[in-house]
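For reference, the chains in residue letters:
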Amino acid sequence: MPILRQIAQLGQPVLRGVAGIIADPSDPTVQALIDDMLVTVADANGVGIAAPQLYEPLSLLIVASRPNPRYPDAPMMAPMAVINPEILWMSDEKEHGWEGCLSIPGLRGLVPRHTRIGVRFLTREGETREEEYTNFLARVFQHEIDHLHGIVFIDRVESTLDLITEKEYLRRV
Ligand code: ZN
């Protein structure tokens, strides 16, 4: 049975480390971790989560965009596991958007991200995929892949004036 995991909060060193490559996606411990991540991100109303946020320094993330109370305008998609992702290319064009993070509750930041990216990764079945993502999904991928390199969204804001509380954010939307 999948286990609802505790989410590492900002200040935990695991959030600032570099995640290791997964050699064998079919490893039962990797498959069990994916199942735990799926229930944990759904329970927390997240649109994505990275393994280091569950104290597992592995190159693995879940993208699970759907409208929810934290992101009312998120597009609907089937949740998917993304293993060993590499960004192949990024558009020159960027756009600013509000981000939050399950590891930094109560805060939102206006973060510039590339509007289009190409990503190569392995699925949980071990198949190689190359996909292009745009706008909100490109943002989620960039946010989660940052976690695999020890980077969090507050590192990406251009000014501390671009940080606001979650309560203030929800009042504005
Ligand atoms: Zn995050």
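This text goes with the structure placed above it.
Residues numbered from 1 in each chain as written. Predicted model: local features only at pLDDT ≥ 70, side-chain atom pairs only at ≥ 80, totals over all residues. Heavy atoms only, no water.

(A) Structural view of the packing of aromatic side chains. In the structure shown here, the tally under the stated rule is four aromatic pairs. In this structure an aromatic cluster arises from ring pairing among Phe121, Tyr133 and Phe141. When the ring centre of tyrosine 71 is taken as reference, the NZ or CZ atom of arginine 108 above it lies at 4.6 Å. (Phe/Tyr/Trp six-rings, centres within 6.5 Å; stacked < 30°, edge-to-face > 60°. Lys NZ or Arg CZ within 6 Å of the ring centre and 35° of its normal.)

(B) Focus on the sheet that holds strand β5 (residues 107–114). Reading across from one edge, β4-β5-β8 is the order of the three strands in this open sheet, with antiparallel pairing throughout. Either end of the sheet is taken by a strand with one partner, and the two such strands are β4 (94–99) and β8 (163–165). Across the sheet, the mean angle from the axis of one strand to that of its neighbour is 30°, orientation sign disregarded. Where β4 and β5 come together, six bridges link them in antiparallel fashion. From the neighbouring strand, glycine 97 faces β5, where its bridge partner is valine 111. The sheet contacts of helix α2 (residues 135–147) involve β4 and β5, and relative to β5 the element is tilted by about 105°. (Pairing = 2+ DSSP bridges. Helix = DSSP H or I, 4+ residues; strand = E, 2+ residues; numbered from the N terminus. Axes fitted to C-alpha atoms, helices over the stretch in contact; angles between N-to-C directions. Contact = heavy atoms within 4.5 Å.)

(C) Inspection of the coordination of the zinc ion at higher detail. Of the protein atoms, only Cys101 (SG), His143 (NE2) and His147 (NE2) coordinate the zinc ion, at distances of 2.0 to 2.3 Å. The sequence pattern formed by the donor residues of the zinc ion is C-x41-H-x3-H. Placement of the pair is cysteine 101 in the loop between β4 and β5 and histidine 143 in helix α2, with a sequence separation of 42 residues. This pair shows no difference in class: cysteine 101 is buried, exactly as histidine 143 is. (Donors = N, O, S within 2.8 Å, 3.2 Å for Na, K, Ca; no water. Buried < 20%, exposed > 50% of the residue type's maximum accessible area, 1.4 Å probe, protein only.)

(D) Inspection of the environment of histidine 147 at higher detail. For histidine 147, the position within the fold is in helix α2. Taking the C-alpha atoms as reference points, histidine 147 and valine 30, 117 residues apart in sequence, are found 18 Å from one another. The contacts of histidine 147, once residues within four sequence positions are left out, are Gly17, Ala50, Pro52, Gln53, Cys101 and Val152.

(E) Examining helix α1 (residues 28–43) more closely. In this model α1 runs 23 Å from its N-terminal to its C-terminal C-alpha over 16 residues, within 8% of the 22 Å that 1.5 Å per residue would give. Taken residue by residue, α1 has Val30, Gln31, Leu33, Ile34, Asp36, Met37, Thr40 and Val41 as its buried positions. Elements that come into contact with the buried residues of α1 comprise β1 (48–50), β2 (60–63) and β3 (80–90). Count one or two residues on from α1 and you reach asparagine 45, which has phi positive near 55°. (Expected span 1.5 Å × (residues − 1).)

(F) Main features of the side chain of glutamine 31. Turning to its location among the elements, glutamine 31 is positioned in helix α1. In this structure glutamine 31 comes out as buried when scored by relative accessible area, which is 18%.

(G) Broad picture of the environment of aspartate 155. Mapped onto the secondary structure, aspartate 155 falls in the loop between α2 and β8. Owing to a relative accessible area of 40%, aspartate 155 belongs among the partly exposed residues under this scheme. Note: C-alpha distance between aspartate 155 and methionine 1 (154 residues apart in sequence) is 36 Å. If we ignore the near neighbours within four places in the chain, the residues touching aspartate 155 are Arg16 and Gly150.

(H) Local environment of the pattern of salt bridges. Within the structure shown, the criterion is met by 15 salt bridges. The salt bridge partner of glutamate 99 is arginine 113, with a shortest N-O separation of 2.8 Å. Of this pair, glutamate 99 sits in strand β4 while arginine 113 sits in strand β5, and the two are 14 residues apart along the sequence. Assessed through its relative accessible area of 4%, arginine 113 is described here as buried. For glutamate 132, the salt bridge identified is with arginine 116, shortest N-O distance 3.2 Å. In this pair, glutamate 132 is assigned in strand β7 (residues 128–134) and arginine 116 in strand β6 (residues 116–122), connecting sequence segments 16 residues apart. Look at arginine 116 and you get partly exposed, because its relative accessible area is 37%. Via salt bridges that share partners, Glu99, Arg113, Arg139, Asp146 and Arg156 belong to a single interconnected network. (Salt bridge = Lys/Arg side-chain N within 4 Å of Asp/Glu carboxyl O.)

Keep in mind that these numbers describe shape and distance, not what the molecule does.
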